[in-house]
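Residue-level listing of the chains:
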Amino acid sequence: MMKLGERVKQRRIDLKLSQQTLAKDIATQSQISKIEKNELQPGSQLLFNMSRRLNCSMDYLFNGNELDNQFEQKLKVIERLLSKQDYDALIPLLDGNYLSNGSTDEIAAIKWVRAMIAQHKYDNLDEAIENIDESYDLLNSNMYERLQVSICDAKARFHFEKGNNDVAKAALEQGLQIAKRYNVDEKYSIHLLYLLSNMYLTENSFDRCLAYAQAALDLTIKSNNYELYSEIVYNIVKSKIEMGINNDSDVKQLDVALYLSDASKKYNVSILIRDLMKLQ
């Protein structure tokens, strides 16, 4: 948990203010330095003046909740629009004041969303990679955890499409570590594990594909989140067939996977599963 001084320093850095600029007319630079080191507790008037200059509430400096809650709500809106592939609605959010407090989180989020728009709306992979790499470079332990994982996910996808498999896999592994460390919603870990299994499948590394896909399936069942069940089962059974270790239980899993993919109208997945069934 960050203390008041650490929040003052982080917020000042986010806004690209020097200690001297923050102190102007309200304190001395030495006082600001001591506050940031938690060596001096500011009085109520100084705290109020700092909060105004830092564009946040006094409560945020004390407790660290307000900006986090505001950003979480903004991130939910962005994630919902991304899931709907409504990129036209995202563009004015970036060009307006929706993400405008200058924090590292919001700067990283802007670059992440610009990367998604560049790739999925304009089919510009190079621009997407440029933006997501800049966003990735801003990752730090104080950043909102779900955003960190989403940035790692996007970096992996874009670099994998570019053929930079090692970069992609490293980003996914880092995303998994972040998700585990901060207990991020398990659906994110399922997604990262599935992407890793996919990458190893394309490299014909079937043992690694099986290991990551099985971990994704275990987490799918544990969390009761079956969004990627069909795709994960396909990777598992495909790997087992290639390794010569498939068995009768795989047929039942494929039956369920086919039912769910048909029900979800994932027709491309259904075609893959039907082709795999012929090999059983």
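Keep in mind that this is a model prediction, so the values were computed, not measured.

**Q** Account for the overall build of the protein chain, naming residues and giving values.
**A** Broken down by element type, the protein chain carries 16 helices and zero strands. Judged by the C-alpha coordinates and their principal axes, the protein chain covers about 75 × 35 × 30 Å. Taking all 280 residues of the protein chain together, 47% fall into the buried category. In the protein chain, the share of contacts with a sequence separation of at least 24, taken over all contacts with a separation of at least 6, comes to 59%. One way to put it: in the protein chain the 35 positive side-chain charges average out to a point 5 Å from where the 40 negative ones average out.

**Q** Tell me about the packing of aromatic side chains, and name the residues and values.
**A** The tally for this structure, following the rule as stated, stands at two aromatic pairs. Ring geometry for Tyr226 against Tyr229: centres 5.6 Å apart, planes inclined by 50°, an arrangement best described as tilted. Since its relative accessible area comes to 36%, Tyr226 is described here as partly exposed. By relative accessible area, which is 8% here, Tyr229 ends up buried. Taking NZ or CZ as reference, Lys155 lies 4.5 Å from the ring centre of Tyr136, over its face.

**Q** So, unusual backbone geometry: which residues are in play, and what are the values?
**A** For Asp25, which is not glycine, the phi dihedral falls at a positive 70°. The phi dihedral of Asp123 falls on the positive side, at around 55°, and the residue is not glycine. Locating Asp123 in the fold gives a position in the loop between α8 (104-120) and α9 (125-136). Given the relative accessible area of 63%, Asp123 is considered exposed.

**Q** How would you explain the layout of surface pockets if you had to name every residue and give the values?
**A** Here the largest pocket defines a volume of roughly 1,100 Å³. For the largest pocket, the lining is made up of 33 residues, of which Met116, Asp153, Arg157, His191 and Glu227 are closest to its centre. For the lining of the largest pocket, the secondary structure elements donating two or more residues are α6 (66-83), α8, α10 (145-162) and α12 (186-202). It is α12 that provides the largest number of residues to the lining of the largest pocket, a total of eleven residues. A per-class count over the lining of the largest pocket returns 16 nonpolar, nine polar and eight charged.

**Q** Give a description of the pattern of salt bridges that names residues and reports values.
**A** Counted by the stated rule, this structure contains 15 salt bridges. A salt bridge links Asp153 to Arg157; the shortest N-O distance between them is 3.0 Å. Here the residue Asp153 and the residue Arg157 both occupy positions in helix α10, the gap between them amounting to four residues, near one helical turn. Judged by relative accessible area, Arg157 falls into the partly exposed class, the value being 35%. The partner of Lys238 in a salt bridge is Glu242, and the shortest N-O contact between them spans 3.1 Å. Taken together, the residues span about one helical turn, with Lys238 and Glu242 both in helix α14 (residues 229-243) at a distance of four residues.

**Q** Describe helix α3 (residues 29-36), and please don't skip the residues or the numbers.
**A** For α3, every residue scored as buried is listed here: Ile32, Ser33, Ile35 and Glu36. Taken around the axis of α3, the buried residues stretch over an arc of 160°, which confines them to a single face. Summarising the contacts, the buried residues of α3 are in contact with α1 (4-14), α2 (19-23) and α4 (44-53). Where α3 ends, the next residue or the one after it, Asn38, has phi of about 60°, a positive value.

**Q** Talk me through the environment of Ala118; I want residue IDs and the actual numbers.
**A** Looking at where Ala118 falls in the secondary structure, it is placed in helix α8. A C-alpha to C-alpha distance of 9.9 Å links Ala118 and Glu130, two positions twelve residues apart in sequence. Setting aside its immediate chain neighbours within four residues, Ala118 contacts Asp123, Asn124, Glu127 and Ala128.

Conventions adopted
- Residues numbered from 1 in each chain as written.
- Predicted model: local features only at pLDDT ≥ 70, side-chain atom pairs only at ≥ 80, totals over all residues.
- Heavy atoms only, no water.
- Helix = DSSP H or I, 4+ residues; strand = E, 2+ residues; numbered from the N terminus.
- Buried < 20%, exposed > 50% of the residue type's maximum accessible area, 1.4 Å probe, protein only.
- Contact = heavy atoms within 4.5 Å.
- Lys, Arg positive; Asp, Glu negative; His and termini not counted.
- Charge placed at Lys NZ, Arg CZ, Asp CG, Glu CD.
- Phe/Tyr/Trp six-rings, centres within 6.5 Å; stacked < 30°, edge-to-face > 60°.
- Lys NZ or Arg CZ within 6 Å of the ring centre and 35° of its normal.
- 1 Å grid on protein atoms, 1.4 Å probe; cavity = no way out; pocket = protein on both sides within 12 Å on 5 of 7 lines; lining within 4 Å.
- Points joined across faces, edges and corners; volume = space filled by probe spheres on them.
- Nonpolar A, V, L, I, M, F, W, Y, C, P; charged D, E, K, R; others polar.
- Salt bridge = Lys/Arg side-chain N within 4 Å of Asp/Glu carboxyl O.
- Arc of directions from axis to C-beta.

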